[in-house]
Amino acid sequence: HEPKASAADYLINDSKIKMSSVSGATRQNGCCRGNLWKQVQGVSQRRDPKADENKRIFEFCVVSGVLFISYSDYTAYNRGDHPMTIYKIVGASASGPSSGSSAFEASANTTFRMVTSQGTHLYCTAPTPNDCSTWLATIHAGLEATYMSAPVETPIFKPPSSESLSTRGMFREKQILCTSCGRSCDVITLATPLPQYGYERRCHVCPECLVSQGVWLDVQLRNQLYAAHQYEQQALNAARDECYEVIHDGGIVEIKFNEATLPTVSQANALRDLISSLDFLAYRRACPDLDRWCSELELGQLDAAEFIDLLDDTPNTQIAELKKQAFRVAGDMGSAMKLLADYTFTDDIDMFRQILDFFLDLCDESDLSSVAFFWPQLQSLHLKMLPPKDSSELLRVELMEDFLLTIAVKYSIQLALEITWAYVADLEDSLFNLNISPPTRSRRFSVLRFVCELESLLFDFQDGWGGGSVSLRNMLTPSKHQVIMLKDEMAYLAKTRKKLSNGFLSRSVRMEKLSDAKFTKPPEEAAEDALRAAKYADYFSSHLSFTRRICDVAEKLRFLDISERASVLQKEMDTLNASGSMGGDPLNRIKDGLTRIVRVPSKEGHVFRSKERTPILLLMEVIEEPDLVACKEKDIDERLQEQSERGTPSVGPSAEEANQRRNSNNYAVDMELPIPDEQHDGQHDGHYEPDEQCDSNQMNSKGHTDTESVEEETSKVEKKETLVEPEKNTDDAKLWLNSEGNLDADSVEKDFDKEEKQDALIEPQENNDDDKVEISSESQGMNGSNEQVSLSNTGDNIDCFHTVNGNVEKQSIGEEDQQVKLMGTEESTDPNPIPPSPRALTKFKQLDSPQKREEGRIEPETPSKEAMELFLIDVMNQRLNLPKLSSSEREESDDDNETGKTTKDEPSLNKTVTNRKMTALGDADHKSNQVSEDIKRNVLTTIMSKGLQGSNTIAAGAAVAAQKSLQELDRKRAVEMMLNDKNVQQKDNNEESAMTDEEAELQRQKMIDLCVTDSSKGSSVNLSGNEDDEAIESLRLLLLQEKKSKEKDEDPTGTKNSSSSLRNANGSPDGTIDSSDVIEIDAGDVDPRLAGCGVLPPAVLSALTLWKGGVVTNAELLELVKKDLQFIRQSDNPSADVGEDNSEFWGRFAFGERWAEKKARIAACSPEASDEEWDLHGVIVKSNDDLRQEAFVMQLIELCREAFDLAQLELWVHPYRILATGRTTGVIECVKNAMSFDGLKKRRGFKDGLRGHLERMAEFSSNPGEAFKTMQHNFVRSLAAYSLMSYLFLFKDRHNGNILLDTAGHVIHIDFGFVFGIAPGGSFSLEMSTPFKITDEMLEVMGEMQSPFFSEFVTLFCCGFLALRAHMDTFLTIVEITCKTSSFKCFEGREPSEVVEKLRSRFCPDLSKEAAVAFALDLIKHSTQSFGTKQYDYFQYLSQGIAT
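Just so it is clear, the model here is predicted, and its values are computed rather than measured.

**Topic: the side chain of Gln-1436**
Logical step 1: Note that Gln-1436 resides in helix H54 (residues 1428-1440).
Logical step 2: Owing to a relative accessible area of 7%, Gln-1436 belongs among the buried residues under this scheme.
Logical step 3: Here the side chain of Gln-1436 touches Tyr-1432 through a polar contact of 2.9 Å, side chain to side chain.
Logical step 4: Not counting the four nearest positions on each side in its chain, Gln-1436 is found in contact with Asp-1293, His-1295, Gly-1441 and Ile-1442.

In structure tokens:
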């Protein structure tokens, strides 16, 4: 029997119900909601009319289709609580109970009766008669829609038997059994109806079954809303046809009215008569919108033409295309996101669909990064739409989910992981936090269903339901009966979606799955897609598993004693390595290709000391795996670009055809994959060879017989020979070998020149291999056999097909081999060309062998000994480090600088392979130096005027330097105008428009003489951050340390104790060295960055030479140098030791081991480092900390950097990657070569403040003064940027433990737990009144307030403020979308409008540029004089021990 519930759960005294809480029936888009008095009575029960009034229950009820669901009140419904009852209606009538009771007689017009599938009779009373009619109309429409469409029937299962613990004596008093699964549970307050067992009222269930039942109800409600939507659309279509027939005199034709063709009076009267007829009343009852329009037409609020236009819902494709073009012209993703947010909650679903289709167009155009940047905001919009309350909301939700699933499954597996982590964190809030906001709690079941559907698409489950075991862990564990119900409901939902396929996006991964598109693809393409899907599914599951394991380790260490944490961490990492199951990149960087973790050095882990949290630092060895699809698309683009640059006739597909192939995923055709013989006869490894044994009547792929193909090919060869006469000496010309058997570059040049001329004369051949570039020739081989050589360029490799006596042999030449083989094909303008790398020469040596010569293969010879010696000499040449560019290369370099491409030096949060066509703030191609100069000019003019007036102390101190900078800008503009006029005169005189190298150098020298910086050469300040510069810097410190150590070891007479630094391999056994064999080479001659390091030891010189040639990597270089220096030091003086407190070695020990040194040390002992794609990553895993807010702030910092780049300002920021894996765990990217102010000040040997530290860091550089100025400049650029962001986004808790300083002098802020108005101490915070932190120590680094560097700080701060003001709307859009219903601490309990308006006020949009600069000057003044900054630093010193 059904478990009985207590009367307290259901009976509500009518006297306690306030009239204000009573809401009438609201019917909208297939759903009706409102309050009802409800009386429940079984079939066999005899009614007692006198007791009916006392048993009435007042509840908030919802009707969707045939489901009648009741809640205790509207608050419970809005919060997403489980319903009190769920009834499946099978009939309804307006007749009330036949009784003589006066109460029922009075309410006869407001009472209706329903019968459920379980035989229960419901008597419901509405507040008004109109409400009663509305409820009945909705129920009748649901009955007709549901039972006409043959819905899925909910099976009635037999309740599961209890476990062996069902013996009454084995239970505790409060322990009961779950009605759904039969397991015992201690929770007795959780309850929900179980219609699958015939239980229409609440039953006791366990927490696992409770969640699963909620997911099932969410899917069933979607099916009911879809059925209601279909029914309303059918009624609307039928009504439209009848209206068209009346207007058009019997013809059903779509009508578009204009001023000249308005309906006549008779037609309008006929239309009014039609909508008032009894037959038309059924349509009005089925569709509420139609009923509303008809009422407005009857009342005269609409005319006939407007009524017909409302009935016509045909989408206009031309308008849709115009909307997409408008988005593209704007070139601003921020504006598109603002428009999407505005249309998300409106009825204009067509506009909503067009914006999403536009985003998919960007992804198809390899501009995924533009969409990926706003991925968190797209997720936030989707979460706000859940759960759908009616059919209109359901259609918008389905479109958004279709878009998210398509992007995640089809375009980026990293975005699939990103959305999975975000939704898992949201589920942890909604499932386990009862104090969460009602919107967050109400969407938990919809989020669970969406994550399960995403996993089903990724893993390609046939039934469309995978259960979410990989993504959700243990959040969803349904019983066996619930699994059957979920699969049935999802299958029915899939069928419904297939019927309404025109309502989805143009590229829908759901529709592809439902239409079984994979079975209609070619076998090669289908196999390739299956392989890619399997690879991504494996990466998806392994990433989730690995990241959760390391987060669990961090959480485990939090409960251990501090002394035990390090040893436990090492054991955990050893266990992880021994398991053999690693995962993907724990930071989940959004990029092309995959990153696999192969090993975690267990001894390199570090546990930070913390009271509440236990962050752990882990180093991870990774292997980069390129993306298969991206590589193929890149190969296609490179081939098309190469053909266009050469100007040769295109023998491959056109750009349009290539894009069509790429969009249709025809990768097998584009990439010349092996084609089966049954499809293309005569094809061997992509090269056409006629088969002599083939039947002459057999047709080839072009529709001709093989004999005709042979004759056609023969005629083309004869035509080729008539155009170009072959060389007489084929051995020298074709084999590219000289008389000595070595590679002859002159022969290569001549041969390729001939081939280029020949390609220019020969017309394109119509053959199957359209996208191949072939250079074919017949020559006499070394063994006298006839050979045919064909080069097929397939991107990274060149496939050489050698036909020897009719046999086809293939040899693949790598990318580096191509560089060597094609050397000399173009005349180089450089008198000292760069020779090929030894690694490439070694490959050619392996390719060339006597055995291959005997087989008749044509292979280039190994370079001669003289060529290798020439290579070693050129490596040491200073110009090898800074080669002189040719005119064409210089133009390309200038173009890159003008377009403002992101260089390798700058860190990036979201790295992608392709250039971004659209950006978050606008088109990157619109960058201009003029924008930066105009902003800077306005700022400098305002500073100078304010300073001269004496109205601002900051401006007065910076006025002199501002005046000099302004004069410098004017001088630069004058010089550029003068040079431009000269170029114009040259063009007018019909002279050569392109400048020679000498002229360009003279112009550059003129600009240098006038103290103007040339923009084409970039800033003179070293913005290093790439691995090569890090390796050289680490090498310089090692050499300086060795040099100082040897100076200390000198005898009083001035002679050194040993000359081991000059040892070489040819020395005698007793250690003596022949002075004739010693070659002393200064380090600065090999690389200018090593100037001042002294003479290089032979082993170091050899390692550096190999590194210059590309033979050894950065890690191998540092490891070789460290081992050699260690050997020399121990041989000379084994007891010598260098302490960290020595002043001359401060640059070596201040920041500990450099990242390049650490990478070299780990690579030396790693079994995986031999892979070319090996790399080392550092991450910090945190527990008991919500990192979602910090990830959001990092997105704002990334947006600020893009704004600075667009304005071409020198402001510097370092956004780093943050991945929140839950509400209490996350992973943070390690900032390399940096240390907090607190850690630096506590370092042994630290003295003289930050300025003294920077001076000591630059003391042993080749030019200490210039190096110190560079550090000051880096300090100013970064400090100004972070100070500006601290003011705008209210960064608080800025103690010295949350501010880093790197080895180049940059300031980096971390830990953004207090932003947007929240601060430690609340409203009594010492930092609340301070715009940003700037201390006396920072001013000392800049040279106080009268120095040029402080003037530069002021100028950059004001310029950055104006640059960010120009993009204020994008910042407001991101914050507005994120803060609504957000669980972030900075937005919790606050109105979104209040947060947005305060942020808008900080941008000062109403001020002019001059007034905005004056406001920025006041901010700097207030910050330099703030007393709260000093007090807060002192408070942190007393409470946390953080250095001041």
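Next comes the rest of the account.
**Let's talk about the environment of Ser-366**
Logical step 1: Looking at where Ser-366 falls in the secondary structure, it is placed in the loop between helix H12 (349-364) and helix H13 (368-373).
Logical step 2: Each C-alpha atom of the pair Ser-366 and Tyr-411 lies 9.5 Å from the other, and the pair is 45 residues apart in sequence.

**Topic: the environment of Asp-279**
Logical step 1: As for its placement among the helices and strands, Asp-279 is situated in helix H7 (residues 278-286).
Logical step 2: According to the relative accessible area criterion, Asp-279 is exposed, its value standing at 63%.
Logical step 3: Separated by 40 residues in sequence, Asp-279 and Ala-239 place their C-alpha atoms 10.0 Å apart.

**Side note on the nonpolar core**
Logical step 1: Core analysis: the biggest nonpolar cluster contains 210 residues, and Leu-340, Phe-359, Phe-403, Phe-1289, Phe-1316, Met-1342 and Phe-1353 have the highest contact counts within it.
Logical step 2: The leading source of residues in this core is helix H48 (residues 1264-1289), at 14 residues.
Logical step 3: Counting residues in hydrophobic clusters, the runner-up holds 33 residues, among them Ile-1032, Leu-1040, Cys-1093 and Val-1100.

**Section: the packing of helix H6 (residues 265-275) against helix H9 (residues 304-311)**
Logical step 1: Between H6 and H9, the least distance of the axes is 10 Å, while the angle of their chain directions is 55 degrees. Judged by the inter-axis angle, H6 sits oblique to H9. Of H9, the residues touching H6 (which contributes Ala-268, Leu-271 and Ile-275) are Ala-304, Phe-307 and Ile-308.
Logical step 2: A breakdown of the residues in the contact of H6 with H9 according to their chemical character gives six nonpolar, no polar and no charged.

**As for the side chain of Thr-595**
Logical step 1: Counting through the fold element by element, Thr-595 comes out in strand S12 (residues 594-599).
Logical step 2: A residue is classified by how much of its surface remains accessible, and Thr-595, at 1% relative accessible area, is buried.
Logical step 3: Within the structure, Thr-595 has its side chain in polar contact with the side chain of Lys-591 (distance 3.0 Å).

**Quick look at the sheet that holds strand S26 (residues 1307-1309)**
Strand pairing in a sheet takes place through backbone hydrogen bonds and is either antiparallel or parallel in direction.
Logical step 1: Strands sit in the order S24-S25-S26 across an open sheet of three strands; the sheet is antiparallel. In this open sheet, the two edge strands, each paired with only one partner strand, are strand S24 (1234-1236) and S26. Across the sheet, the mean angle separating the axes of adjacent strands is 35 degrees when strand polarity is ignored.
Logical step 2: Inspection of the sheet shows S24 paired to strand S25 (residues 1299-1302) by three bridges, in the antiparallel sense. Along S25, the bridge assignment pairs Ser-1236 with Leu-1300.
Logical step 3: Strands S25 and S26 of the sheet are contacted by H48, whose axis makes an angle of about 25 degrees with S26.

**Section: a negative patch on the surface**
Logical step 1: Judged by side-chain charge, Glu-1168, Asp-1171, Glu-1172 and Glu-1173 come together as a negatively charged surface patch.
Logical step 2: Turning to its location among the elements, Glu-1173 is positioned in the loop between helix H44 (1155-1164) and strand S21 (1174-1183).

**Overview of the packing of aromatic side chains**
Logical step 1: One pass over the full model with this rule turns up 32 aromatic pairs.
Logical step 2: With centroids separated by 5.5 Å and ring planes inclined at 50 degrees, the aromatic side chains of Phe-1316 and Phe-1387 adopt a geometry described as tilted. Here Phe-1316, found in the loop between S26 and helix H49 (1336-1342), pairs with Phe-1387, found in the loop between helix H51 (1368-1379) and helix H52 (1392-1403); they are 71 residues apart in sequence, far enough to count as distant. Judged on exposure class, the residue Phe-1316 and its partner Phe-1387 are both buried.
Logical step 3: Note on Phe-1361 and Phe-1415: the rings are 6.3 Å apart at their centroids and 35 degrees apart in plane angle, and the pair reads as tilted. Taken as a pair, Phe-1361 in helix H50 (residues 1348-1365) and Phe-1415 in helix H53 (residues 1409-1424) lie far apart in primary sequence, 54 residues in all.
Logical step 4: Given a relative accessible area of 26%, Phe-1415 falls into the partly exposed group.

The rules behind the values
Residues numbered from 1 in each chain as written. Predicted model: local features only at pLDDT ≥ 70, side-chain atom pairs only at ≥ 80, totals over all residues. Heavy atoms only, no water. Helix = DSSP H or I, 4+ residues; strand = E, 2+ residues; numbered from the N terminus. Buried < 20%, exposed > 50% of the residue type's maximum accessible area, 1.4 Å probe, protein only. Polar contact = N/O pair within 3.5 Å; in protein donor to acceptor, adjacent residues only side chain to side chain. Contact = heavy atoms within 4.5 Å. Core = buried A, V, L, I, M, F, W, Y, C linked by side-chain atoms within 4.5 Å. Axes fitted to C-alpha atoms, helices over the stretch in contact; angles between N-to-C directions. Parallel < 35°, antiparallel > 145°, perpendicular 65-115°, else oblique. Nonpolar A, V, L, I, M, F, W, Y, C, P; charged D, E, K, R; others polar. Pairing = 2+ DSSP bridges. Patch = residues over 30% accessible without salt bridge, like charges linked within 9 Å, V, L, I, M, F, W, Y side chains within 5 Å. Areas by Shrake-Rupley, 256 points an atom, 1.4 Å probe, with all protein chains shown as cover. Salt bridge = Lys/Arg side-chain N within 4 Å of Asp/Glu carboxyl O. Lys, Arg positive; Asp, Glu negative; His and termini not counted. Charge placed at Lys NZ, Arg CZ, Asp CG, Glu CD. Phe/Tyr/Trp six-rings, centres within 6.5 Å; stacked < 30°, edge-to-face > 60°.

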